[in-house]
Amino acid sequence: MLDAGEARRAFVETYGGEPRLFRAPGRVNLIGEHTDFNEGFVLPMAIEHSTLVAAREAPGRRVRVRSLNLDEAAEFDLDRPGEPRRGIWLDYVEGVARALEDGGTRLRGADLVVHSDVPAGAGLSSSAALEVSVGLALSSVSGSRVGRVALALAGQRAEHTYVGTMCGIMDQFVAALGREGHALLIDCRTLEATPIPVDTAEALVVVCDSRVKHELASSEYNARREECERGVELLAAALPGVRALRDVSAEEFERHEHLLPPTVRRRCRHVVTENARTLAAAEALRRGGGAEFGRLMYESHRSLRDDFEVSCRELDVLVEAASRVEGVLGSRMTGGGFGGSTVSLIRRERLDDFQNTVGALYHQATRLVPAFHVSQPQAGAHEL
Ligand code: GLA
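Calculation notes
- Within every chain, residues take consecutive numbers counted from 1 along the sequence as written.
- Only residues with pLDDT of at least 70 get local features here, since the model is predicted, and only at 80 or more are side-chain atom pairs given and counted; chain-wide, interface and lining totals rely on the full set of residues.
- To get the side-chain values, take all heavy atoms of the structure and skip hydrogens and water.
- A side-chain nitrogen of Lys or Arg and a carboxyl oxygen of Asp or Glu constitute a salt bridge if their distance falls within 4 Å.
- Each helix is a run of H or I in the DSSP string that is no shorter than four residues. Each strand is a run of E no shorter than two, and both are numbered from the N terminus.
- For every residue, the accessible area obtained with a 1.4 Å probe (protein chains only) is divided by the maximum for its type, and the residue is called buried under 20%, exposed over 50%, and partly exposed between those limits.
- For this analysis, residues touch if any pair of their heavy atoms sits within 4.5 Å.
- Think of a polar contact as two N or O atoms within 3.5 Å of one another; within protein, one of them needs to be a possible hydrogen donor and the other a possible acceptor, and neighboring residues in sequence only count if both atoms come from side chains.

**Brief notes about the pattern of salt bridges**
Part 1 of the reasoning: In the structure shown here, the tally under the stated rule is 34 salt bridges.
Part 2 of the reasoning: Residues R108 and E57 are paired through a salt bridge, measuring 3.5 Å at the closest nitrogen-oxygen approach. Of this pair, R108 sits in the loop between helix 2 (90–102) and strand 6 (110–116) while E57 sits in strand 3 (residues 44–57), and the two are 51 residues apart along the sequence.
Part 3 of the reasoning: The exposure class assigned to R108 is partly exposed, which follows from its relative accessible area of 38%.
Part 4 of the reasoning: Residue E94 is joined to R86 by a salt bridge in which the shortest nitrogen-to-oxygen separation is 3.1 Å.
Part 5 of the reasoning: When its relative accessible area of 1% is taken as the criterion, E94 is described as buried.
Part 6 of the reasoning: On the basis of relative accessible area, R86 is assigned to the partly exposed category, the value being 32%.
Part 7 of the reasoning: A network of salt bridges, in which partner residues are shared, links E33, E274, R277 and R332.

Here is the structure:
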């Protein structure tokens, strides 16, 4: 876990005075991929990797921020918003500040130091960790209490308006509301979350970072979202109650899929079946049914690969390699796709074998060395 000492020291050195310290975690999604923006179900958990913000109120309406990871400093004026979508890290910081203010939270000027060990581009939501930790820090040093759901929504709004990714709510939600020892079954329509205990006595959650991130990720993401919306329009003509793919059952889909052009049909099939898998997986987790959970993970991966088409060769190699190791219950790509990480559920005593075998097979196929992290579910955003 990232030590707060460095962020604190950097703060004292840069601005002088004692800061308050805030943390928000990255996440791994166990199952329920590309369902959040279809008002469906997801099952993520917060992880050890996190973003720390050292912060203190400053006079006026100026926010100064230093990033230790990038070794860069920047500032902005809360009264004179900068251009959105500049493609720089400040988009996330300023985007959250703007989203909070647009939502009625009056912010004060502030000095910030940001430090993170969530690997960027690994599909572990480094951007949500940044948005939520900055949002918590800015509102707290301004003397405002912003609810955790509102904080998550501000992070999502920053993505939509300042960054330009039309993401769902999953990443920011679990960064804000994660629960130690639990995954969250989130209903992305009602924003209700049910914590489900993750028992790691026998089986471990292992994240495997492929170390590749393909350029397509953001444009393809927005394209998938549009294809899903097109599917809803076409299905709603036959099924009047349908507002989102969340409202379509597997049986209804089978009855009406002929109304959809082939690509849209595959996208929708993924979402409809993934929602059902996610609910079944949450139930299996509750009952301690690791084998069933794992089977659903493999199915989810196939659906993301063949129907939603957001996997890539590297992720497929990792999942295929995992499936060859005895004691692996399930494995799938996690997050948006086109690179990033897989998540696997494996019997505790098989960890070494898993890392050796998957590491070797992956290297053989790609010449790359993957990074493994064993994760226990962590708490969401908090002040230290
Ligand atoms: C990204 C987005 C999330 C979600 C996932 C796919 O992480 O930020 O909202 O859509 O992709 O499940």
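**Topic: the environment of N29**
Part 1 of the reasoning: Locating N29 in the fold gives a position in strand 1 (residues 20–29).
Part 2 of the reasoning: Owing to a relative accessible area of 0%, N29 belongs among the buried residues under this scheme.
Part 3 of the reasoning: Linking N29 and R332, residues 303 residues apart in sequence, is a C-alpha distance of 9.8 Å.
Part 4 of the reasoning: Beyond its immediate chain neighbours, meaning those up to four positions away, N29 contacts V42, L43, P44, M170, R332, T334 and V343.
Part 5 of the reasoning: Among the polar contacts listed, one links the side chain of N29 to the backbone oxygen of G32, at a separation of 2.9 Å.

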